[in-house]
Amino acid sequence: MNQCRLLSASVLLLVGFSMACNRSGQEQRAQQVGAAPEQSTTATGRSPLETRDANVPEQRPTFPEQTRAAALPASPAVAVTVLAKGLSHPWAVEPLPNGDLLITEKPGRLRIVSATGQLGAPIQGLPAVYATGQGGLLDVALSPNFSADQTIYWSFSEPRGAKGNATSVAKGVLSADRQRLERVRVIFRALPAYDGDKHYGSRLAFGPDGLLYVSLGERSDLGIRPQAQQLNSHMGKTLRLTSEGQPAPGNPFIGQAGALPEIWTVGQRNVQSLAFDASGQLWSVDMGPQGGDELNRLEGGKNYGWPLVTFGEEYSGEPVPNAVTTKAGFVDPVYYWDPVIAPSGAQFYSGEAFPAWRGNLFVGALKDRELVRLQLEKGRVTGEERLLSDRKQRIRDVRQGPDGALYVVTDESDGELWRIAPSAGPKK
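In this report, the structure presented in the accompanying data block is examined. Here, residues in each chain are numbered from 1, in the same order as that chain's written sequence. At least 70 in pLDDT is required for a residue's local features to be given in this predicted model, at least 80 for side-chain atom pairs to be given and counted, and no such filter applies to totals for whole chains, interfaces and linings, which use all residues. Processing note: side-chain calculations cover all non-hydrogen atoms of the structure and skip hydrogens and water entirely.

### Remarks on empty space enclosed by the protein
Points on a 1 Å grid, built from protein atoms alone, make a cavity when a 1.4 Å probe fits but cannot get out and make a pocket when they are open with protein on both sides within 12 Å along at least 5 of 7 lines; residues with an atom within 4 Å of a point are the lining residues. Grid points are joined across faces, edges and corners, and a volume is the space filled by probe spheres set on the points. Counted by the stated rule, this structure contains two cavities of 30 Å³ or more. If you add up the space inside the largest cavity, you get close to 60 Å³. Residues of the lining of the largest cavity, tallied by class, amount to four nonpolar, four polar and three charged. Quantified by volume, the second largest cavity comes out at close to 40 Å³. Taken together, E50, T67, R68, Y335, Y336, W337, D338, P339, E384 and R386 form the lining of the second largest cavity. Note on conventions: DSSP H or I runs of at least 4 residues are helices, E runs of at least 2 residues are strands, and numbering of each starts at the N terminus. Counting only elements with at least two residues in the lining of the second largest cavity, the list comes to β16 (335-337) and β20 (380-387). Here the lining of the second largest cavity takes three residues from β16, the largest share from any one element. Residues are grouped as follows: Ala, Val, Leu, Ile, Met, Phe, Trp, Tyr, Cys and Pro are nonpolar; Asp, Glu, Lys and Arg are charged; all remaining types, including Gly, are polar. Grouping the amino acids of the lining of the second largest cavity by side-chain chemistry returns four nonpolar, one polar and five charged.

### With respect to the environment of Q268
Tracing the sequence through the fold places Q268 in the loop between β12 (263-265) and β13 (271-276). Residues Q268 and T238, 30 residues apart in the sequence, show an inter-C-alpha distance of 7.9 Å. Beyond its immediate sequence surroundings of up to four residues, Q268 is in contact with E218, A228, G236, K237, T238, S284, D286, L298, Y304 and W306. Counted as a polar contact is a pair of N or O atoms within 3.5 Å, where, for protein atoms, one must be capable of donating a hydrogen and the other of accepting one, and residues adjacent in sequence contribute only when both atoms are in side chains. Reaching out from Q268, the side chain makes a polar contact with the side chain of T238 at a distance of 3.2 Å. A polar side-chain atom of Q268 sits 2.9 Å from a polar atom in the side chain of T265. When checking whether two residues touch, look at their non-hydrogen atoms; a contact exists if any pair is within 4.5 Å.

This is how it looks when you write it as structure tokens:
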């Protein structure tokens, strides 16, 4: 009888151990301490905007309203004007001081669209791009002194021969007839080159300090992904450069053995959104794994965790290897989306056309095919709204023009440029 009882106890112990080992690794790493319980209303008393099933339901936020913020009251009616059609996967829009707009197309074309919608011929003089997969001609930005120097900066995936490809940044001067770029130079090349076609980043943003901030993806694959945590690689980092592509003085890792001096922040996956707010604070929106798109407040020298800290999981549904949702020494995201929106392009609004939007952050959503509006108060997201959902197009970039309107490009084979302005009629 004692032997039978001992055998039964052993079997139960083995079964329990087997069940524990077979639990989802994602569930095992979910951080429950201090987790905010799911509620039907938020701290504001309003219902959360997001009500769909989460990609990773076992994860819990680190603090209340870190995800699923309250639904904002509907925005004023807007008028959407399609300024241009027939663009091939446009990646960026950059308003010019006179109201015209620079557009990049991923296959490698840079164009000017007039304020009235006339589509210009491709501007000549750009170096070759690696236009495969997610690669191609990416972001474009004006020099802080553009009115005087007519200088344009752009990022692109550059072929690097047998070594593969990587993100590079170039600059050139727009000719007087606006038909070509002159004095073109590649001023920065990310290292290492890699034979892949994903996660290049890459946004460009000039700060109030006159320096150029550049976001770089970690190239996606498991073999290179850990380099997001390694200071001898540019992968998975935000950089701070001079206008000539040199490491900015005062960068946090200058002088540290083995560290690349251009690095500003560490541990990011595939940031395609950089934006400065009215106070000069830099923010990023990182295209995370399934269940882990993140809004982050960027500060020099800080580590944002990827791939060691994330709220997401692999697209296969498996856990991100050896990852947790929060950990000492790593910065928690200000906000995350679950399910993901696939963010790309961001703009803090400061114009006169929409007074109710001032200080709000707009983010393009590729997967959800809409424009996301976030309300931030004291560094936290307190409300969210989705716009342009009825148009069902992948929004790649959003920028504010000198007229206070928002300009959007859609990532489609027949991509479009939209102007979003106030309307006295029904909301569209």
